[in-house]
Number of protein chains: 2
Amino acid sequence: MAASSSLTLSQTLISRAITHHGSNHSDRITLPGFSLSTLSGRSIKSSSRTHLTVRKHRAGLGPVRAAAVETLQKTDTSLVDKSINTIRFLAIDAVEKANSGHPGLPMGCAPMGHILYDEIMRYNPKNPYWFNRDRFVLSAGHGCMLQYSLLHLAGYDSVKEEDLKSFRQWGSKTPGHPENFETPGCEVTTGPLGQGVANAVGLALAEKHLAARYNKPDSEIIDHYTYVILGDGCQMEGISNEACSLAGHWGLGKLVAFYDDNHISIDGDTEIAFTESVDTRFEGLGWHVIWVKNGNTGYDEIRAAIEEAKSVKDKPTLIKVTTTIGYGSPNKANSYSVHGSALGSKEVDATRQNLGWPYEPFHVPEDVKSHWSRHIPQGATLEAEWNAKFSEYEKKYKEEAAELKSIISGELPTGWEKALPTYTPESPADATRNLSQQCLNALAKALPGLVGGSADLASSNMTLLKMYGDFQKDTPAERNIRFGVREHGMGAICNGIALHTPGLIPYCATFFVFTDYMRAAIRISALCEARVIYVMTHDSIGLGEDGPTHQPIEHLASFRAMPNILMLRPADGNETAGAYKVAVLNKKRPSILALSRQKLPNLPGTSVEGVEKGGYIVSDNSTGNNPELILIGTGSELEIAFKAGDELRKEGKKVRVVSFVSWELFDEQSDAYKESVLPAAVTARVSIEAGSTFGWEKIVGSKGKAIGIDRFGASAPAGKIYKEFGLTVENVIATAKAL
Amino acid sequence: MAASSSLTLSQTLISRAITHHGSNHSDRITLPGFSLSTLSGRSIKSSSRTHLTVRKHRAGLGPVRAAAVETLQKTDTSLVDKSINTIRFLAIDAVEKANSGHPGLPMGCAPMGHILYDEIMRYNPKNPYWFNRDRFVLSAGHGCMLQYSLLHLAGYDSVKEEDLKSFRQWGSKTPGHPENFETPGCEVTTGPLGQGVANAVGLALAEKHLAARYNKPDSEIIDHYTYVILGDGCQMEGISNEACSLAGHWGLGKLVAFYDDNHISIDGDTEIAFTESVDTRFEGLGWHVIWVKNGNTGYDEIRAAIEEAKSVKDKPTLIKVTTTIGYGSPNKANSYSVHGSALGSKEVDATRQNLGWPYEPFHVPEDVKSHWSRHIPQGATLEAEWNAKFSEYEKKYKEEAAELKSIISGELPTGWEKALPTYTPESPADATRNLSQQCLNALAKALPGLVGGSADLASSNMTLLKMYGDFQKDTPAERNIRFGVREHGMGAICNGIALHTPGLIPYCATFFVFTDYMRAAIRISALCEARVIYVMTHDSIGLGEDGPTHQPIEHLASFRAMPNILMLRPADGNETAGAYKVAVLNKKRPSILALSRQKLPNLPGTSVEGVEKGGYIVSDNSTGNNPELILIGTGSELEIAFKAGDELRKEGKKVRVVSFVSWELFDEQSDAYKESVLPAAVTARVSIEAGSTFGWEKIVGSKGKAIGIDRFGASAPAGKIYKEFGLTVENVIATAKAL
């Protein structure tokens, strides 16, 4: 009885989903439910290989091709249904046990998930890091139980049955959103919406770039796809438009994105806030767009869409898959209530009955288990075949193979750091942004995996690698990436590049103040342990006339407070080189380099080694670790501290000048080292930094004084602002004397 | 000679711009230059009122209508040319004098700027705040000399000749990017790309909303347009796609955006990073799109496009205006070199010669001056007519007029704060996000200008105003705004709403961690003095299972470091009410309320008055301002401090418990007050807050101890994480004892 009424409801839901999209021809619709499952996936087979022209549902201007329909694989359909329902119930059961999580997406996306992991993707469950694997990103990360279920079925060691049972619990491998650092098999860390699809653009870029550099006419050693599932939420976020605009521009043909078009977001029907035509927008972005109208049971439609996507080599493909969120739940499907809460035991029972699922929670039927078990040997074979291919490649292309190996392994070439330039006080004064470009160009020769660029400020950020051209659609082997004015997408794309292969070292650049545009991506770099180098120039009021909208104030403090990221503010050439050394060596955390627009002298006493300790003595005329005064500066203000120290010494004072280039690195030093730089007994301390004084009490102590800027900046020549704001040698001296 | 060769160059440039866009029919092209100026604007008049169907230049799927062509106004064309060249040279001269700035955009956009300010817009130069004025936003804010020149010509007191001459200098009214708080006539603060167009969406929303609430069939008291100029940079930013998607969804028919399609960005030709079809994307977003192919001299095309835009009532309009950046400069036009640097005296001379401009720098020819002089009396008349209309309105609709007046003036209704709910320790424990909803709903009755909503988390952020429906295309009088998952656009739209009218009080909401997505907009709220209330829930690891991607850590610190913003973290009902009181009263700065997901008890001792002081004593058993120990907590951890205080008092300790709800407000108190709360002599201090300890040294001192979280969070039930991270009564007691 329950089953029959719920079938009626489900039928209503599906037909609503379809009519809602304005389809003007009547496909035969299959109904969910175990008893009917043998029908599903066959119903529209008759129209095989026909490209159907359908009306788009909103404000459409041109035709979108529906997926061609064709059976690609001869797996027994009832087993496919069973596998898909296994995925659904693993998700339902895990969320129910945790009483927390998002069952709706896994229930709706189980068909595309099944087809991807069981039929399409090439991977080796026993080595989630096999280099040439297809990449999969769940951009709608809240639906992570979809991915955990798939990894479990595929035989990944990271998601055993006990892991599913400890979903969202302390210390488990199955956290509330996919985290690459917790769960091998998850490529990236998603959850914050839109990040995943941008990561996927980075993964696809990495593939295209490395393939162009290392593939040979007789050996396509790099050749994988990047698949991503994104939802309505991802589509609304600006970051996804930024990244997808670039993907279209670059023609990333091996990027295939599934848009889970379920018309439900947390606040209800997407009609309340999201009525744009996504199809049209993606066409504008230069993507190939396919619409799978029945994502719930139209398995062959999904398969055909993937085949069509692969056949389009010069454009990324968006497959809009219309699904029912919470598919199978008789009372909650197609509503926001199934999005982010456990179904509740009553509805779980009803769903079991509706989908004809007689099993205990977390049960994987034997035939499903047996069906999926082939992926372990198949994966081993795929990797072995690739290894053999690589051996052949290595024989023919020794140099390229060695370089590629270093990229794949992430091992830094011996002596790479010797490439970094060195400076003396006699070296000409220069802006650290220019010194940064010298470092980047030097490192590019030593580090084959260094690639990057700027958000349309290459000539201001000084980030061009002079010996290379631009990575573009038709020149993908080049190493300068042009991101356009898309900071947020840039950061997330770099996360994807960094996580593609350990030896890829992406850098990206904009004005320091515009880290605000990409902060969510930077935070994920830190969380997901992606070695991205953020080259952030124009790092203070020193940029002058552009004014307060362009002048960072609180930014240094804001990143010093962020976990697992290095905030570096070098003062001159040697410190800039040191900052790059640190950034490259920190393989599991990102670095931000704050660099000056204005010229700075090369100071005696600065060093690469000093930078590695975060804070260190630059000059001192005291003995016995007992100066009368400690002056502390960072970046462009170290020069001011240095000069003030000289002046005060002329008056007979014992003054130490300390460079505080990275608070995080200093914190990690031994107590003895810290005491040797900042002896506890010396409380007369003055710091100077052209930014917020927030946090400086920790360094200067309650008896010391921090000189900084606790207001917004101003539009005027830089020297004038420095003077008006009291960032001067005179003020440091006066402040020191007042202590 | 120079003129003739440069004309040839200009011709090439224009013809390139046109063929580049794939036009397949040959318009007659007019050439720039003083001598030919009488031709311009007439050349294509013959095709009057014809809607031309042209091929779109990239991947187009449907037709875009070119602007209908019609002469709207009979101003002498040579005078128009002269006025446009005046605008160009004021920009050229100011940038040249400052040796800093962006001449390219003003030179290219001068025609549309002239037409807007001289022919189309309704404003009163002597009262830049006249309520019913048309709003103009220069989203490409670097081109601010365009706007300053126009304000100068129009007769605004904020931009006199001496202001133009002190462009980008300390203390001037003409900073490097438009700043509403410096220059009356600038509606918003732009420069960070994409913000302005999103502000404009907020301005247009405000107009539509207020018109729907207050207009009567016999009196359209609110009726203005919002115009915006945005460039390629704005178009690439994700925020603009977010905001424009909403503008399309809401059908903001009185929003007219000019897209300065000049194909140049800082890094060179936009071809290197920006090849999407903007037309197609905007059609997907639900906009009406018009293409003006000759934005350099096609004045009638521009005029006709504006007329067409106004005729489309149910959609916003994008007028793509193809221009030449730096138009008129014989050697630098159409190149990035004219974007962001002074032309240099040689090229200034060449440009003067090329455009036939014999005048001294900063000269406004008499006939141009005389032509523009009518705007002062006309503006006065417009305002006087409106005032008369309002008087009529007031007679008929007393109540509405009174309410509207309070919105226009920004005066808070007497006793508004009495609407705020009060709580006692006996009130049931509740999450501050729920208490926040009680406040919002109470305030909505008392404050007619309170409008807002959430980025698709209304039911989690608890932001719905229960007595109102949704602001939608067909129900614009309602006060709940549905932003979709578009945090960045949401923040910038709220800035626009706040700056539209002093009495509009926008609030917006998401999870606290996702302030990262909208930080650039929040910073502009702070800079531009927009009273936006940021309702940020799920403010710590207390959100539990969603895990580290959703758990803020560094966010409190990061906003405490930001100038001119209040970071408030209330602990219970009374503090939440206090936070709202503070937020409403601070008319020139935004507030962020960090609110809990989890239930919190109403503590004895908390108060609205306490919140107004930022930090205050909640409980104390010491006398003579001499406790043995001070425990300090914020938000959800105040309860822990409170309980630890109780426990320690049982052991005979003299313990003070302090709530530190807002650091900024505490900083603003007198030294005597600060000493009364945190006596300098009492160094035994322990703070507890579920966030980064960064900055807490300032409060607890070098002998105190800050308990917090200096790592990323974890996915687990909230109670478990609190325990694992040591955020417990036991740990506070143990830490206090160890001091």
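Scroll up to find the structure.
Owing to the predicted nature of the structure, the values given are computational and were not obtained by experimental measurement.

Student: Please explain the interface of chain B and chain A as it appears in this structure.
Tutor: Many descriptions give the size of an interface as the accessible area lost when the pieces come together. Taken together, the contact between chain B and chain A spans 98 residues of the former and 97 residues of the latter. The tally of links from chain B across to chain A stands at eight salt bridges. Asp546(A) is the partner of Arg168(B) in a salt bridge, and the nearest nitrogen-oxygen pair spans 2.8 Å. One can count 46 residue pairs in polar contact (both at pLDDT 80 or more) joining chain B with chain A.

Student: I would appreciate a short explanation of the side chain of Thr190(A) in the present structure.
Tutor: Considering the arrangement of structural elements, one finds Thr190(A) in the loop between helix H5 (161-165) and helix H6 (195-214). Among the polar contacts listed, one links the side chain of Thr190(A) to the backbone oxygen of Leu138(A), at a separation of 2.8 Å. Leave out the neighbours within four places in its chain, and Thr190(A) touches Val137(A), Leu138(A), Ser139(A), Gly141(A), His177(A), Pro178(A), Gly196(A), Asn199(A) and Thr549(B).

Student: Mind showing me how you'd approach the pattern of salt bridges here?
Tutor: For side chains bearing opposite charge, pairing can occur when the charged atoms are close. Overall, the coordinates contain 76 salt bridges over all chains when judged by the stated rule. Its salt-bridge partner being Asp223(A), residue Arg122(A) comes within 4.0 Å of it at the nearest N-O pair. With a gap of 101 residues between them, Arg122(A) in the loop between helix H3 (104-120) and strand S3 (135-138) and Asp223(A) in the loop between H6 and strand S4 (226-231) connect regions that are remote in the sequence. Arg122(A) gets classed as partly exposed once you look at its relative accessible area, which sits at 29%. Among the residues examined, Asp223(A) registers a relative accessible area of 22% and is labelled partly exposed. Put simply, Lys581(B) and Glu612(B) hold a salt bridge, and the shortest N to O gap is 3.3 Å. Taken together, the residues Lys581(B) in helix H20 (residues 573-585) and Glu612(B) in helix H21 (residues 608-612) connect sequence positions 31 residues apart. By relative accessible area, Glu612(B) is classed as partly exposed at 26%. Residues participating in the shared-partner salt-bridge network are Arg122(A), Glu207(A), Asp223(A) and Lys254(A).

Student: Help me out: how do you make sense of unusual backbone geometry in this one?
Tutor: Glycine aside, residues mostly have negative phi, and peptide bonds are mostly found in the trans state. Residues and elements named next belong to chain B. The backbone of Asn99 shows a phi angle near 50°, a positive value even though the residue is not glycine. By secondary structure assignment, the location of Asn99 is in the loop between helix H2 (77-98) and helix H3 (104-120). Residue Asn99 is classed as exposed on the basis of its relative accessible area, which comes to 60%. For Arg168, which is not glycine, the phi dihedral falls at a positive 65°. Note that Arg168 resides in the loop between helix H5 (161-165) and helix H6 (195-214).

Student: It is not clear to me how helix H2 (residues 77-98) of chain A should be interpreted in this structure. Could you clarify?
Tutor: An α-helical segment advances 3.6 residues per turn. Residues three or four places apart therefore align on the same side. Residue and element names in this part refer to chain A. Its 22 residues give H2 an end-to-end C-alpha distance of 32 Å, which sits within 8% of 32 Å, the value for a rise of 1.5 Å per residue. Burial analysis of H2 places 19 of its 22 residues in the buried class, which makes it a mostly covered element. After H2 finishes, the residue Asn99 shows a positive phi value of roughly 50°.

Student: What exactly am I supposed to notice about helix H17 (residues 487-500) of chain B here?
Tutor: Its 14 residues give H17(B) an end-to-end C-alpha distance of 20 Å, which sits within 8% of 20 Å, the value for a rise of 1.5 Å per residue. The buried fraction of H17(B) amounts to 14 of the 14 residues, a majority that puts the element mostly inside the structure.

Student: Would you mind showing me how to read the packing of aromatic side chains here?
Tutor: The description of an aromatic ring pair rests on the distance of the ring centres and on the angle between the ring planes. Tallied over the entire structure, the rule returns 49 aromatic pairs over all chains. Look at Tyr123(A) and Tyr156(A): their rings are 5.8 Å apart centre to centre, the planes differ by 25°, and that puts the pair in the stacked class. Note that Tyr123(A) is positioned in the loop between H3 and S3 and Tyr156(A) in the loop between helix H4 (144-154) and H5, a separation of 33 residues in sequence. Here Tyr123(A) matches Tyr156(A) in class, with each residue buried. Their ring planes at 80° and their centres at 4.8 Å tell us that Trp663(B) and Trp696(B) sit as a pair that is edge-to-face. With Trp663(B) in helix H23 (residues 663-667) and Trp696(B) in the loop between strand S22 (685-688) and helix H25 (697-700), this pair connects stretches of sequence that are 33 residues apart.

Student: How should the nonpolar core be read in this particular structure?
Tutor: Side chains that are nonpolar tend, in soluble globular proteins, to be buried together. In this structure, Leu631(A) and Leu631(B) are the most contacted members of the largest nonpolar core, which totals 92 residues. If you look at the next biggest cluster of nonpolar residues, it comprises 87 residues, including Val289(B), Leu318(B), Tyr397(B) and Val532(B).

Student: Where do I start with the relation of the copies chain B and chain A in this structure?
Tutor: The operation relating the two chain copies consists of a rotation about an axis and a shift along that axis. In screw terms, the move from chain B to chain A is a rotation of 180° and a rise of 0.0 Å along the axis, fitting with an RMSD of 0.0 Å. Overall, the copies show the geometry of a two-fold rotation axis. In this assembly the copies share their binding face: 98% of the residues contributing to the interface of chain B also contribute to that of chain A.

Student: I would appreciate a short explanation of the sheet that holds strand S20 (residues 629-633) of chain B in the present structure.
Tutor: In sheet architecture, strand pairing relies on hydrogen bonds along the backbone and comes in two forms, parallel and antiparallel. Residues and elements named next belong to chain B. Pairing in this open sheet of five strands is mixed, and the strands run S19-S21-S20-S22-S23 from one edge to the other. Each of the sheet's edge strands pairs with one partner strand only, and the pair in question is strand S19 (616-620) and strand S23 (705-707). Strand-to-strand twist across the sheet, computed as the mean angle between neighbouring axes with direction ignored, equals 20°. Sheet analysis places S20 next to S22, joined by four bridges and oriented parallel. Note on S22: the bridge partner recorded for Gly633 is Ile688.

Student: I would appreciate a short explanation of the pairing of strand S5 (residues 255-261) of chain B in the present structure.
Tutor: In summary, the side chains of a regular strand alternate between the two faces of the sheet. Residues and elements named next belong to chain B. Across the seven residues that make up S5, a large majority, seven, are buried. Here S5 shows a buried face lined by Leu255, Ala257, Tyr259 and Asp261 and a second buried face lined by Val256, Phe258 and Asp260. The sheet contact formed by strand S4 (residues 226-231) and S5 spans six bridges and is parallel. Across the sheet, the residue bridging to Thr226 is Leu255, located in S5. In the sheet, S5 pairs with strand S9 (residues 317-322) via six bridges, with the strands oriented parallel. Of the residues in S9, the one forming a bridge with Phe258 is Ile319.

Student: How should the pairing of strand S3 (residues 135-138) of chain B be read in this particular structure?
Tutor: Residues and elements named next belong to chain B. Side-chain alternation along S3 places Arg135 and Val137 on one buried face and Phe136 and Leu138 on a second face that is also buried. Bridge analysis of S3 against S4 gives four bridges, and the strand direction is parallel. Bridging from a neighbouring strand, Phe136 pairs with Tyr227 of S4.

Student: Help me understand the environment of Pro448(B) in this model?
Tutor: Residues and elements named next belong to chain B. Summarising the element assignment, Pro448 is placed in the loop between helix H15 (432-446) and strand S11 (450-454). Residues Pro448 and Val611, 163 residues apart in the sequence, show an inter-C-alpha distance of 24 Å. When near neighbours in sequence (up to four residues on either side) are disregarded, Pro448 contacts Arg213, Tyr214, Glu403, Ser406, Ile407, Pro413 and Arg479.

Each value, and the rule that gives it
Residues numbered from 1 in each chain as written. Chains lettered and ligands numbered in written order. Predicted model: local features only at pLDDT ≥ 70, side-chain atom pairs only at ≥ 80, totals over all residues. Heavy atoms only, no water. Contact = heavy atoms within 4.5 Å. Salt bridge = Lys/Arg side-chain N within 4 Å of Asp/Glu carboxyl O. Polar contact = N/O pair within 3.5 Å; in protein donor to acceptor, adjacent residues only side chain to side chain. Helix = DSSP H or I, 4+ residues; strand = E, 2+ residues; numbered from the N terminus. Buried < 20%, exposed > 50% of the residue type's maximum accessible area, 1.4 Å probe, protein only. Expected span 1.5 Å × (residues − 1). Phe/Tyr/Trp six-rings, centres within 6.5 Å; stacked < 30°, edge-to-face > 60°. Core = buried A, V, L, I, M, F, W, Y, C linked by side-chain atoms within 4.5 Å. Least-squares fit on C-alpha atoms with pLDDT ≥ 70 in both. Pairing = 2+ DSSP bridges. Axes fitted to C-alpha atoms, helices over the stretch in contact; angles between N-to-C directions.

So yeah, pure geometry; function would need other evidence.
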